[in-house]
Amino acid sequence: MNIMDFNVKKLAADAGTFLSRAVQFTEEKLGQAEKTELDAHLENLLSKAECTKIWTEKIMKQTEVLLQPNPNARIEEFVYEKLDRKAPSRINNPELLGQYMIDAGTEFGPGTAYGNALIKCGETQKRIGTADRELIQTSALNFLTPLRNFIEGDYKTISKERKLLQNKRLDLDAAKTRLKKAKAAETRASIWAEEVTKSEQELRITQSEFDRQAEITRLLLEGISSTHAHHLRCLNDFVEAQMTYYAQCYQYMLDLQKQLGSFPSNYHCNNNQTSVAPMPSASSNVIGSSALTSTSGLVIASPSNLVDLKECSGSRKARVLYDYDAANSSELSLLADEVITVFSVVGMDSDWLMGERGNQKGRVPITYLELLN
């Protein structure tokens, strides 16, 4: 019974305090009550903390978008984090692209130039995907986690103490208002003398509690400078992680470029052609009767006929099957259906012959020619 009485009294006291604060706050907004202003230093600290919180949230959210552009994936990771469970491993975009390229290259044939190039590109994309995964993990650990700890930890504590300071200030100003009213009534009736004494005692208590809470809040807010210094170190870690990531990607692409550079030039130049000639008719004497047809409509000579063409002595006449734009001065541009003279040169790449048209001479790709008898 005594416990119940205590709870009822406490509830009544809390309700009275809440009502007193609400009245004080309303009267302040209406300009009917005085308000104790915080000192300038404390106001500056509060402003600095609020500014830090706002920009930390913006930087954190945009960094998450940078590292994981997929909003659904971010939501999934957030849910798993709240459930304190590890999110399932997911293949990222570079890795997926790399796997598609490898599968396509394998199906086209690793022995073909295009298939081999696709496989090499796919392997590089998968390495970039691994580097991307490492960047996300490093950035999350060294940059995002400290920022999130500040928002969900330090700033929540500051907000709690700040709210408590606001309540203590309302109590203090309410006590000042009651004392002011009691003194005004005392001049008209001596019965208010006891009320004045009670109000003065209440004012001293509320002033002491307010000063104590202001000091606690000030100490917490002064830690914002240390937070900035810590976030600066985290920012350096993030920049270093990005630098490592981009350096890795650059090196991977540089290596890939060197590997692709070893391919015959005609495979690099095909994308520059404005048109592709139609398939030759069945009666055309293409280089050997077992020519292979690619998906783009180009006729590729079979390996046995390529060897035969390279090993032939002297010069031969050949008809050009498709237009070809020379990639550099060592090559000869070709027009479909024209007839040129071709011959082999010792040491030349197996996919090329030397072509001659009048006074013009240069390398020409074998796959663009039809050998004439």
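Residues numbered from 1 in each chain as written. Predicted model: local features only at pLDDT ≥ 70, side-chain atom pairs only at ≥ 80, totals over all residues. Heavy atoms only, no water.

A. Fine view of the overall build of the protein. In terms of helices and strands, the protein carries nine helices and seven strands. Counting the 373 residues in the protein, one finds 35% classified as buried. Summarising the internal contacts of the protein: among those between residues at least 6 apart in sequence, 65% fall at separations of at least 24. Per element, the accessible surface of the protein, about 23200 Å² overall, is 56% carbon and sulfur. (Helix = DSSP H or I, 4+ residues; strand = E, 2+ residues; numbered from the N terminus. Buried < 20%, exposed > 50% of the residue type's maximum accessible area, 1.4 Å probe, protein only. Contact = heavy atoms within 4.5 Å. Areas by Shrake-Rupley, 256 points an atom, 1.4 Å probe, with all protein chains shown as cover.)

B. Representation of the side chain of glutamine 68. In this structure, glutamine 68 sits in the loop between α2 (40-67) and α3 (71-82). The class for glutamine 68 is buried, based on a relative accessible area of 17%. A distance of 3.1 Å separates a polar atom in the side chain of glutamine 68 from the backbone nitrogen of asparagine 70. Other than its neighbours up to four places away in sequence, glutamine 68 contacts Ala73, Arg74, Glu77 and Arg90. (Polar contact = N/O pair within 3.5 Å; in protein donor to acceptor, adjacent residues only side chain to side chain.)

C. Broad picture of the packing of aromatic side chains. Across all of its chains, the model carries seven aromatic pairs by this definition. When the centroid spacing of 6.1 Å and the interplanar angle of 55 degrees are considered together, the rings of phenylalanine 150 and tyrosine 155 count as tilted. For the pair phenylalanine 150 and tyrosine 155, one class covers both residues: buried. Taking the centre distance of 5.2 Å and the plane angle of 65 degrees together, the rings of tyrosine 324 and tyrosine 368 count as edge-to-face. With tyrosine 324 in the loop between β3 (315-320) and β4 (339-343) and tyrosine 368 in the loop between β6 (360-365) and β7 (369-371), the pair connects residues that are 44 residues apart, well separated along the chain. You'll find tyrosine 324 and tyrosine 368 in the same group, each marked buried. Clustering of aromatic rings is evident, with ring pairs tying together Tyr322, Tyr324, Trp352 and Tyr368. Against the face of tyrosine 252 rests arginine 127, its NZ or CZ located 5.6 Å from the ring centre. (Phe/Tyr/Trp six-rings, centres within 6.5 Å; stacked < 30°, edge-to-face > 60°. Lys NZ or Arg CZ within 6 Å of the ring centre and 35° of its normal.)

D. Expanded view of the nonpolar core. By size, the foremost hydrophobic cluster in this structure holds 20 residues, and its most contacted members are Leu38, Leu42, Leu165 and Leu221. Of all the secondary structure elements, the ones that give two or more residues to this core are α2, α5 (113-186) and α6 (193-222). Each residue touching leucine 38, except ones within four places of it in the same chain, is listed here: Glu43, Leu46, Leu165 and Phe210. The next biggest cluster of nonpolar side chains, apart from the first, holds 17 residues, and it includes Tyr322, Leu332, Val342 and Leu353. (Core = buried A, V, L, I, M, F, W, Y, C linked by side-chain atoms within 4.5 Å.)

E. Highlighting the packing of α2 against helix α7 (residues 224-261). Following both chains from N to C, one finds α2 and α7 inclined at 15 degrees, their axes separated by 12 Å at the closest point. The pairing of α2 with α7 is recorded here as roughly parallel in orientation. Pair α2 / α7 crosses with left-handed handedness. Contacts between α2 and α7 involve Lys48, Ala49, Thr52, Thr56, Thr63 and Leu66 from the former and Ile224, Ser225, His228, His231, Phe238 and Gln242 from the latter. Its residues assigned to classes, the contact of α2 with α7 shows four nonpolar, seven polar and one charged. (Axes fitted to C-alpha atoms, helices over the stretch in contact; angles between N-to-C directions. Parallel < 35°, antiparallel > 145°, perpendicular 65-115°, else oblique. Left-handed = near helix turned anticlockwise from the far one by under 90°. Nonpolar A, V, L, I, M, F, W, Y, C, P; charged D, E, K, R; others polar.)

Shape is all these values report; function is a separate question.
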